[in-house]
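# Structure at a glance
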Amino acid sequence: MPDPQPDLSADAIRAVLREVWGHDQLRDLQEPAIRAALDGQDSLVVLPTGGGKSLCYQLPPLLTGKPTLVVSPLISLMNDQVASLTANGVPAAALHSGLGNAELRPIESAFESGELKLLFVAPERLMNPGLLAMAERAGVACVAIDEAHCISALGHDFRPEYRQLASIRERLPNVTLQALTATATPRVREDIISQLALREPEVLVGVFDRPNLTYRVLPRAKLEDQVMEIAGRHRGSGMGEGEEGVIVYCLSRKDTEKLADGLTKRGIEARAYHAGLAPKKRSKVERDFTTERVNVVCATVAFGMGIDRSNVRCVIHACLPRSVEAFQQETGRAGRDGLPGECVLLHSAADIARWRRLIEMPGDYGAPDPGFVSAQLDLLNQMRRIAVGGDCRHKALSEHFGQTYLPPEDADGCGACDVCLRELKEADDAETTAKKIISCVARFENHAAGGGRFGAKHLVEVLAGAKTQRILDYGHDSLSTYSLLADLPRDTIDAFVNQLIDQGALARAPGDRPVIHLTEASREFLAGTRPVRLIQPAAAPKTSKRDTASWEGVDRDLFERLRTLRRGIAQERAVPPYVVFSDNTLRDMARLRPESHNEMLSVHGVGRKKLDDFGDVFLSEIASAIAAQS
Ligand code: ADP
Ligand code: ZN
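A few points on the structure. Please read these numbers as outputs of a predicted model, since none were measured by experiment.

Attention now moves to the sheet that holds strand E3 (residues 92–95). One open sheet accounts for seven strands, arranged E3-E4-E2-E5-E6-E1-E7; its pairing is parallel. Edge positions in the open sheet fall to E3 and strand E7 (202–205), since each of these has one partner strand only. The sheet shows a mean angle of 15 degrees between the axes of neighbouring strands, taken without regard to direction. Pairing of strand E5 (residues 142–145) with strand E6 (residues 176–181), which is carried by four bridges, proceeds in the parallel orientation.

Below you can see the structure in the form of structure tokens.
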């Protein structure tokens, strides 16, 4: 019998948060989101990946005593949630097509009796009349719809089975609806509200900036060397110990295999992942990555939703992503635990042409609709502008999502991007360099051979003084601009060409041959009457202040010992390691080095249940580590 008058005060919320999750405070929007659910008001909660959406629907049923139904699109997502809740001592279960009748019955009866506080279901199952009747008997007060953008055909991940949820309001008129998503566009938000018929919903939109991520953008040169170097920053001692989770996103299946192979040969064990793998192999890679048996995965974008490893420390894009939304979502898989993460985008001007071919490729229904093609190219160009731009990356991303970026007070700029960390510098002689590049294009146009129509690759080769067959054929080695920039790396010249295009000093013709040509403004740049800005890599990447701070006072050897212990326990219990404890919790333990149950309870992320289950094992590991050190 639930308490007839449950305590729903802010103090009660805090007590449960501490007792069950071991967290000290709610994050910004969690408070109003939970309040809305407790007050019986519908809500739409928009938080970026890693923002902490789960707690918004997980906590209310513990206070009200009335169960919550959670709609989720994937079995793997449901299972992860149930494992995490169970590890914290919260009665929860999932009903999905992977279960047999013998497994379904006990879950259903536990649900009906009100014993389960959370039940996860697929949308088509929720609309089943039997389940709806059970929900009424169980006294369900709230239905949470996770990944709610799947209901909208305007979104990037429409799922027809979500459409059935449109009648949920009628079928369960007395429950409170909570829709949750990470989708940023206002149109999709409005669509969610109307599809689900939310009643005067509280709309809570979180801050899209991810301050714990450091963004870097570099011209792609020798991909494998570059990835070796970046992933090398996340390897600890390099003996398999201290190796951190790294995802490298590639454009094609072949690229993933080639790169994974190359990295493995050079000592960083990596797996390839793409939609062409047999389902068994796919799920093995997913499992190995989640359980930390493998730490580096080279993948196409098929690797994503359902990968809930919270301690991914680095996401590398080996190619320009197809949109800023995709970039935000993919980089968002780094640092979900709130600890620092590094995101590096390696791109080249050639990426646009590769994407264009993919976008224009005829599908099952013939050539794609021209409207679709131009919308996709638009998205691609927005991404490219951020990549080649010289503005703070945090600022550019926030502004893309319609939010004003407020840098932290104690940092120079954002303190967490290549621009603000001054890893890029303005080229000293930008004006002269720009003139050399622009006049080379002018020479092509004056030099009759080839009709003056050449792409960026040829332009770069002429300026670098290469001896390609094409250059010889066209006699371009006799141009006065030939080899004028021979002292610069070709990627740098390539990056400069892109930057000039962005500033309007040159243009790239649309169409299948992206020829570079002069613009109206070219003359002003040549005359030096228009200022030009060229940036190039200057310094080796530094660790951000935040990264250093996150390790402040942490005994790193102890952290690694605790990580090994965690891996063993997780394996025994067949759950992912983060279900036992997050990295944040382990770092805090390796900082505080607790010696008693009480001290253990003051560690972030240690609640009562986890203290009972794991407290002693971790305390004795800490004690023996301390003994070994002294
Ligand atoms: P989302 O579903 O929005 O991607 P999650 O709900 O998975 O995000 O939460 C991301 C991470 O943040 C998890 O590791 C979770 O334990 C942690 N977290 C959530 N809320 C809090 C909080 N109030 N205090 C500390 N950590 C939190
Ligand atoms: Zn910045």
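What follows is about the layout of surface pockets. Here the second largest pocket defines a volume of roughly 1,200 Å³. For the second largest pocket, the lining is made up of 41 residues, of which Ala-349, Ala-350, Ala-456, Arg-508 and Pro-514 are closest to its centre. For the lining of the second largest pocket, the secondary structure elements donating two or more residues are helix H15 (350–360), helix H16 (370–388), helix H19 (456–464) and helix H21 (490–502). Broken down by element, the lining of the second largest pocket gets its largest block of residues, seven residues, from H15. Grouping the amino acids of the lining of the second largest pocket by side-chain chemistry returns 16 nonpolar, six polar and 19 charged.

Evaluation of the coordinates by the stated rule reveals 39 salt bridges. For Lys-265, the salt bridge identified is with Asp-261, shortest N-O distance 3.1 Å. Of the two residues, Lys-265 and Asp-261 are both situated in helix H12 (residues 253–265); the distance of four residues between them amounts to about one turn of the helix. Lys-265 gets classed as exposed once you look at its relative accessible area, which sits at 68%. Accessibility expressed as a relative area gives 42% for Asp-261, which makes it partly exposed. Between Arg-561 and Glu-621 there is a salt bridge; the shortest N-O distance is 3.0 Å. Of this pair, Arg-561 sits in helix H24 (residues 556–573) while Glu-621 sits in helix H28 (residues 608–629); the two residues are 60 residues apart in sequence, bridging distant segments of the chain. A relative accessible area of 33% means that Arg-561 is categorised as partly exposed. Classification of Glu-621 by relative accessible area gives buried; the value is 19%.

Right, let's get into the coordination of the zinc ion (ligand 2). Taken together, Cys-392 (SG), Cys-414 (SG), Cys-417 (SG) and Cys-420 (SG) make up the protein donors of the zinc ion (ligand 2), found 2.3 to 2.4 Å from the metal. Its four donor atoms give the zinc ion (ligand 2) angles of 106 to 119 degrees at the centre, a pattern that matches the tetrahedral case. Donor residues binding the zinc ion (ligand 2) come from one chain and are separated in sequence as C-x21-C-x2-C-x2-C. Residue Cys-392 is found in the loop between H16 and helix H17 (393–400), and its partner Cys-417 is found in the loop between H17 and strand E14 (424–426); the two are separated by 25 residues along the sequence. Residue Cys-392 is classed as buried on the basis of its relative accessible area of 10%. Among the residues examined, Cys-417 registers a relative accessible area of 0% and is labelled buried.

The next subject is empty space enclosed by the protein. Tallied over the full model, the rule gives three cavities of 30 Å³ or more. If you list the elements that add at least two residues to the lining of the largest cavity, you get strand E8 (213–219), H16, H21 and strand E17 (535–537). Residue contributions to the lining of the largest cavity peak at five residues, all from H21. Here the residues of the lining of the largest cavity sort into 10 nonpolar, six polar and three charged. Empty space within the second largest cavity amounts to approximately 50 Å³.

Here we come to the sheet that holds strand E11 (residues 296–299). Strand order in the open sheet formed by six strands is E8-E13-E12-E9-E11-E10, with parallel pairing between adjacent strands. Every interior strand has two partners, whereas the edge strands, E8 and strand E10 (270–273), have only one. Neighbour-to-neighbour, the strand axes of this sheet turn through a mean angle of 15 degrees, independent of strand direction. Pairing of strand E12 (residues 312–317) with strand E13 (residues 341–347) involves four bridges; the strand directions are parallel. The residue bridging His-317 from the neighbouring strand is Leu-345, located in E13.

Despite not being glycine, Arg-422 shows a phi value in the positive range, around 60 degrees. Tracing the sequence through the fold places Arg-422 in the loop between H17 and E14. Residue classification places Arg-422 among the exposed residues on the basis of a relative accessible area of 54%. Of note, Arg-593 is a non-glycine position whose phi angle comes to about 45 degrees, a positive value. With respect to the helices and strands, the residue Arg-593 is situated in the loop between helix H26 (583–592) and helix H27 (597–601).

The environment of ligand 1 is made up of 14 residues, and the closest members are Gln-25, Gly-50, Lys-53, Ser-54 and Arg-336. Within the backbone of Gln-25, one N or O atom sits 2.8 Å away from a nitrogen atom of ligand 1. Contact between ligand 1 and Gly-52: an oxygen atom at 3.0 Å from a main-chain N or O atom of the residue. In terms of residue count, helix H3 (residues 53–58) provides more of the shell around ligand 1 than any other element does, three residues in total.

The rules we used
- Residues numbered from 1 in each chain as written.
- Chains lettered and ligands numbered in written order.
- Predicted model: local features only at pLDDT ≥ 70, side-chain atom pairs only at ≥ 80, totals over all residues.
- Heavy atoms only, no water.
- Pairing = 2+ DSSP bridges.
- Helix = DSSP H or I, 4+ residues; strand = E, 2+ residues; numbered from the N terminus.
- Axes fitted to C-alpha atoms, helices over the stretch in contact; angles between N-to-C directions.
- 1 Å grid on protein atoms, 1.4 Å probe; cavity = no way out; pocket = protein on both sides within 12 Å on 5 of 7 lines; lining within 4 Å.
- Points joined across faces, edges and corners; volume = space filled by probe spheres on them.
- Nonpolar A, V, L, I, M, F, W, Y, C, P; charged D, E, K, R; others polar.
- Salt bridge = Lys/Arg side-chain N within 4 Å of Asp/Glu carboxyl O.
- Buried < 20%, exposed > 50% of the residue type's maximum accessible area, 1.4 Å probe, protein only.
- Donors = N, O, S within 2.8 Å, 3.2 Å for Na, K, Ca; no water.
- Tetrahedral: all angles 85-135°; square planar, octahedral: opposite > 155°, others 65-115°.
- Near = heavy atom within 4 Å.
- Polar contact = N/O pair within 3.5 Å; in protein donor to acceptor, adjacent residues only side chain to side chain.

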